[in-house]
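The residues making up each chain are set out below.
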Amino acid sequence: MANLQPARTKWRKHRKGKIRGNATTCNTLAFGDFGIQSLDRARIPANQIEAARIAISRALKRKGKMWMRIFPHTPVTRKPAEVRMGSGKGSVEYYVAAIKPGTMLFEVAGVPITVAREAMRLADTKLQVRCRFLAREELEKY
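Sequence positions are assigned chain by chain, starting from 1 and proceeding in written order. Totals for whole chains, interfaces and linings use every residue, but because this is a predicted model, local features are given only for residues with pLDDT of at least 70 and side-chain atom pairs only at 80 or more, for both listing and counting. Note that the side-chain values use all heavy atoms of the structure and ignore hydrogens as well as water.

1. Description of the overall build of the chain
Each helix is a run of H or I in the DSSP string that is no shorter than four residues. Each strand is a run of E no shorter than two, and both are numbered from the N terminus. Counting secondary structure elements, the chain contains 3 helices and 7 strands. For the chain, the succession of helices and strands along the chain, N to C, is β-β-α-β-β-β-β-α-β-α. For the chain, the spread of C-alpha atoms along the three principal axes comes to 55 × 35 × 25 Å. For every residue, the accessible area (1.4 Å probe, protein chains only) is compared with the maximum for its type, and the residue is labelled buried under 20%, exposed over 50%, or partly exposed between those bounds. Buried residues in the chain amount to 36% of all 142 residues. Intrachain contacts of the chain at a sequence separation of at least 6 include 79% that bridge at least 24 residues. A total accessible area of about 9400 Å² is found for the chain, and carbon and sulfur atoms account for 50% of it. The convention is simple: Lys and Arg are positive, Asp and Glu are negative, and His and the chain ends are not counted. Just so you know, the charge point we use is NZ for Lys, CZ for Arg, CG for Asp and CD for Glu. Averaged over its 29 positive side-chain charges, the chain has a centre that lies 10 Å from the centre of its 11 negative ones. Residue contacts follow a heavy-atom distance rule, with two residues in contact if any of their heavy atoms lie within 4.5 Å. Here the accessible surface of atoms and residues is derived via Shrake-Rupley with a 1.4 Å probe, and residues count as covered only by protein chains that are part of the display.

2. Describing the sheet that holds strand β7 (residues 131-135)
Backbone-to-backbone hydrogen bonds pair the strands of a sheet. The strands run either parallel or antiparallel. When DSSP finds at least two bridges between two strands, those strands are taken to pair. The strand order β3-β6-β1-β7 describes an open sheet built from 4 strands, whose pairing is antiparallel. For this open sheet the edge positions go to β3 (65-68) and β7, each flanked by a neighbour on one side alone. Shown here is a sheet whose adjacent strand axes are inclined to one another by a mean of 15°, direction ignored. Summarising the sheet, strand β1 (residues 34-38) and β7 pair through 5 bridges and their orientation is antiparallel. Orientation is described by lines fitted to C-alpha atoms, with helices fitted over the stretch in contact, and by angles between N-to-C directions that extend from 0 to 180 degrees.

Structure representation (structure tokens):
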């Protein structure tokens, strides 16, 4: 299982920051015909993103094409258990992707809507955020 993390970073450790507002970019279907969109704000760990990616690719059964629209860029640090206060910031444990409401998480194309809906449902169960399924033909109606 490939561990999703940046190939290189400018700084090893980051501050946590706030995830404010709604997504203004990456909030529409750009590549595929179907996708899942986040309804919550959260910091999604790399292992959840990878689990969702595997769930989608297995549901598609090597048909169609899939796009990951998110990537875990932000490192999260943690100090070891039973360590006294002080002595600096902990080491990097894992990487997260900061997700705002409206962010498109995954997209697929080249499969029927029933297959795409089931694949996205399986991916949604792997993620900690509530998601909704979007189809390009339904968006064009509105």
